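Residue-level structural notes
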Amino acid sequence: MKVILQLIGMQWKEARRSPLWNKNLIINIVLAVSFLYLIGMFVLLGVFLDDILIKISVEGIDYRTYKESFVLRRLNQYLLYYFFMDLILRYFIQKLPALSVQPLLHLPISKSKLVHFMLGKSIWSPINWAHGLIFVPFILELFENLPFDESLFWSIGLVSVVYLNNFLLIYIKRTSEVDFRVYLGMLALLVGIVSADWFDLIDFQQISAGVFNAFFLNPISLLAPIGIAAIFYALNFRFLKSNLYMDRLSTSKQSEISYVGAGFLSRFGVVGRLTELEFKFIWRNKRTRSVLLITIMFLGYGLLVFPTDEYAGNHLMYVLFSVIITGMFILNYGQYLLGWEGSHFDHILTRKVDFSDYYKSKFLLFAIVSGSAMLLSIPYAYFGWEILLVVFSVFLFNIGVGSHCVMFFGSLNPKKIDLSKGTVLNWQGVGAAQFMLVIPVLGLPLCLFGIGVIFDSIYLGIGLIAAFGVIGLIGTNIWIGWLAKWLTSQRYKISRDFRNQ
Amino acid sequence: MDIRIEGLTKTFGDYTAVQVDSMHIPSGESFGLIGNNGAGKTTLFRSLIDLIEPSTGSAFIGEFETNKTDSWKAFTGSYLDENFIVGHLLPEEYFDFIASIHGMSESDLANKLAEFETLFNGEITGGKKLIRDLSKGNQKKVGIAAAILFDPKVLVLDEPFANLDPSTQIRLKELLKKLKNDKGVTMLISSHDLAHVTEVCERIVLLEKGDVIEDIKTSSETLKNLENYFSDVGKTSIED
């Protein structure tokens with residue numbers, strides 16, 4: 001017990017002393033507000049859940065047999081979907097319960113104890129408690145309306161399913177990291193389930209209702225979720241205990257990389273060469289790769305928006321779409337322009353490359369990615385050829401004005417980025433500068449287009465956006481020269497900060 | 001290419017890390033810098049190659065003051081720590097890049113890499129591991145090779161022997177001696193290993209708490225004297 005308490009103390013210190021705690025007040029406020037907003041939304045959903053469920057139209061249900069438990073039975077029809085979604089969401093955001101065990105392995109603490117501690121820790125994971133935000137208000141109302149024992153049994157069932165998901169996911173995630181086939185199997189299962197539902201092969205609502213109704217109608221069935229959760233706990237325990245060795249715990253898997261020589265871009269001299277290296281950089285690091293993948297994913301954004309009646313012919317939507325398509329990468333990647341390269345900044349300072357060539361290579365990178373995104377969005381002309389016009393003008397704006405602003409803010413107080421982590425819920429490197437960037441990149445084109453709207457001509461708006469872009473493009477060399485001078489004046493401070501981080 | 005340091009000091013708050021009044025390293029000299037941790041070796045090197053701003057004074061490589069112009073970068077090779085190598089590249093890709101910014105042809109590069117073959121011992125090129133996944137010692141080999149690759153006139157290495165296996169240490173020493181004798185490279189090398197540094201360097205400068213304590217030509221007696229000095233350093237201050 002004493003050991004466990006000491007382990008808890010160590011975890012607490014690790015969390016408290018983590019360099020990830022943002023020292024920046026503005027960021028903390030923004031984070032706190034978004035956090036409170038999320039909590040509020042969950043609680044509100046929980047409070048009004050019963051009203052919502054009553055309003056949903058129900059076909060073929062005999063109200064008389066359902067009586068008071070109508071709402072609960074209605075909810076139970078959907079819970080299987082809910083927990084299925086929960087599992088998918090967990091796959092992306094739930095972290096595996098890790099404990100820096102390496103320094104503890106040689107100490108006289110039994111491995112079982114360490115593993116129980118690691119698994120026990122996951123019980124306190126916020127993603128488990130977020131369910132409480134929705135269901136606690138609902139359960140409170142349940143106790144008022146249903147017999148005490150039925151409410152209690154159903155609640156126990158719900159909690160055990162939450163933890164079943166918890167331990168199931170940990171097991172899936174950990175084994176799929178080791179064995180790729182698990183991942184493929186899960187994907188196949190997912191596709192199978194979704195298509196079975198889509199083509200009405202299986203009635204999931206009925207299954208869902210059957211399972212969750214059983215919890216309060218037939219309490220002995222509670223043993224099933226509790227038992228399965230326990231089985232997965234045991235599987236996790238066995239897996240972790242037999243893998244508690246330094247070489248197996250290290251998460252950084254080394255993949256084999258093949259040599260990629262100088263390509264097409266190296267014809268453009270040092271600048272092209274640097275851009276090529278940067279593409280390698282983006283592809284070979286997890287976090288930068290996810291930035292690129294998100295950009296590609298958002299190319300499909302138009303398919304969600306344009307076919308709907310609501311937004312058909314909505315020109316402001318065109319602008320928003322174009323900004324996202326052609327500006328997303330510039331904004332997401334460029335905001336940490338220097339931060340990405342924090343681990344080899346001394347190399348950048350001592351090599352025989354001008355800082356202006358350095359910035360030019362970044363500009364070329366932005367132009368290539370943004371330009372490719374523009375070309376890939378040509379099929380959207382199907383929904384109106386004006387979309388192309390808007391995309392093109394916003395593309396000009398993004399490389400002429402957006403990229404310039406991003407290059408400046410990305411060089412301002414850069415923070416070293418840990419490249420091995422993913423992007424989801426990753427706040428490392430975020431500073432006030434990153435929020436400021438939204439104004440020129442998103443706000444300005446919308447304002448310019450707004451001027452066109454005021455004068456009742458979308459072409460005026462499009463023209464203004466394009467004109468700003470062209471003017472910015474003409475000034476590119478001057479701006480880059482200025483940035484290079486600025487970096488020269490800041491080089492000592494930036495390299496010192498990187499070395500100390 | 002010679003190196004001159006004039007009235008260079010670097011202070012962090014009240015603490016003076018380096019204080020060198022005047023120092024001249026003639027072209028082609030091999031110059032060894034020794035001193036205990038915190039003596040200011042790395043700080044002196046960093047100030048020389050313009051990674052930190054000197055509080056006062058200036059450093060010149062050839063005619064170029066290093067914090068005023070970039071021209072010295074074309075003929076100065078340096079490797080101080082892992083911040084000098086680009087982790088997401090394969091060693092070959094990194095060498096390619098260094099060669100291309102120095103305008104070397106592919107055959108130049110191939111010849112150079114052939115010279116490093118014994119140093120690399122088959123562990124660097126031809127593999128599929130990114131630099132960041134190499135061991136510390138192999139990363140160091142990559143960094144040192146990249147610093148020598150383009151035939152620099154000045155070479156700055158911080159603790160090149162640390163983390164290397166004994167065979168590589170011996171090969172590196174031979175390589176450095178060859179660079180000095182055949183190419184007349186001006187070399188600045190810091191080390192904790194007195195035997196290596198006295199073997200490679202013809203001149204030894206001893207730093208203590210940022211000050212130059214000794215500046216001697218290497219002789220047969222040097223190693224013994226230095227060993228005596230370092231075993232006495234702590235004791236005298238305790239007796240004070």
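Above this text sits the structure in question.
Attention in this report is confined to the structure presented alongside it. Treat the numbers as computed from the prediction; the structure is a model and nothing was measured. (Residues numbered from 1 in each chain as written. Chains lettered and ligands numbered in written order. Predicted model: local features only at pLDDT ≥ 70, side-chain atom pairs only at ≥ 80, totals over all residues. Heavy atoms only, no water.)

Turning our eyes to something else, we now look at helix α10 (residues 223-242) of chain A. All names here are of chain A. In this model, α10 (20 residues) spans 28 Å end to end at C-alpha, consistent with the 28 Å of a helix rising 1.5 Å per residue. Those residues of α10 not exposed but buried are Pro 225, Ala 229, Phe 232, Asn 236, Phe 237 and Leu 240. End-on, the buried residues of α10 take up no more than an arc of 145°, which puts them together on one face. Opposite the buried face of α10, by more than 90 degrees, sit the exposed residues Leu 223, Ile 231 and Arg 238. (Helix = DSSP H or I, 4+ residues; strand = E, 2+ residues; numbered from the N terminus. Expected span 1.5 Å × (residues − 1). Buried < 20%, exposed > 50% of the residue type's maximum accessible area, 1.4 Å probe, protein only. Arc of directions from axis to C-beta.)

What follows covers the pairing of strand β1 (residues 3-12) of chain B. All names here are of chain B. Note: β1 against strand β2 (residues 15-25), nine bridges, orientation antiparallel. Bridge pairing links Thr 11 to Thr 16 in β2. Counting the residues that bridge the hairpin from β1 to β2 gives two residues, and of these Gly 13 lies at a positive phi of roughly 65°. Of the pairings in the sheet, the one linking β1 to strand β4 (residues 56-61) comprises five bridges and is antiparallel in character. Bridged to Ile 3 within β4 is Ile 61. (Pairing = 2+ DSSP bridges.)

Residues and elements named next belong to chain A. For the pair helix α1 (residues 2-16) and helix α5 (residues 111-122), the least separation of the axes is 11 Å and the interaxial angle reads 50°. The pairing of α1 with α5 is recorded here as oblique in orientation. Along this stretch, α1 crosses α5, giving a crossing that reads as right-handed. Between α1 and α5, the contacting residues are Val 3, Ile 4, Leu 7, Ile 8 and Gln 11 on the first element and Lys 113, Leu 114, Phe 117 and Lys 121 on the second. Considering only residue class, the contact of α1 with α5 consists of six nonpolar, one polar and two charged. (Axes fitted to C-alpha atoms, helices over the stretch in contact; angles between N-to-C directions. Parallel < 35°, antiparallel > 145°, perpendicular 65-115°, else oblique. Left-handed = near helix turned anticlockwise from the far one by under 90°. Contact = heavy atoms within 4.5 Å. Nonpolar A, V, L, I, M, F, W, Y, C, P; charged D, E, K, R; others polar.)

Let us now look at a nonpolar patch on the surface. A surface patch of nonpolar side chains, about 850 Å² in accessible area, is lined by A:Tyr37, A:Leu38, A:Met41, A:Phe42, A:Val43, A:Leu44, A:Leu45, A:Val47, A:Phe48 and A:Ile52. Locating A:Leu38 in the fold gives a position in helix α2 (residues 25-55). (Patch = residues over 30% accessible without salt bridge, like charges linked within 9 Å, V, L, I, M, F, W, Y side chains within 5 Å. Areas by Shrake-Rupley, 256 points an atom, 1.4 Å probe, with all protein chains shown as cover. Salt bridge = Lys/Arg side-chain N within 4 Å of Asp/Glu carboxyl O.)

For the rest of this paragraph, the subject is the interface of chain A and chain B. Opposite the 30 residues of chain A that make contact, chain B presents 33 residues. Carbon and sulfur atoms make up 54% of the surface buried where chain A meets chain B, a total of about 3,100 Å² over both sides. Ranking the residues of chain A by area buried against chain B places A:Thr350, A:Lys352 and A:Tyr492 at the top, with a combined share of 22%. A salt bridge links A:Arg284 to B:Glu93; the nearest nitrogen and oxygen atoms lie 2.6 Å apart. Seen at the junction of chain A and chain B, the total is 15 residue pairs in polar contact (both at pLDDT 80 or more). (Buried area = accessible area lost by both parts, 1.4 Å probe. Polar contact = N/O pair within 3.5 Å; in protein donor to acceptor, adjacent residues only side chain to side chain.)

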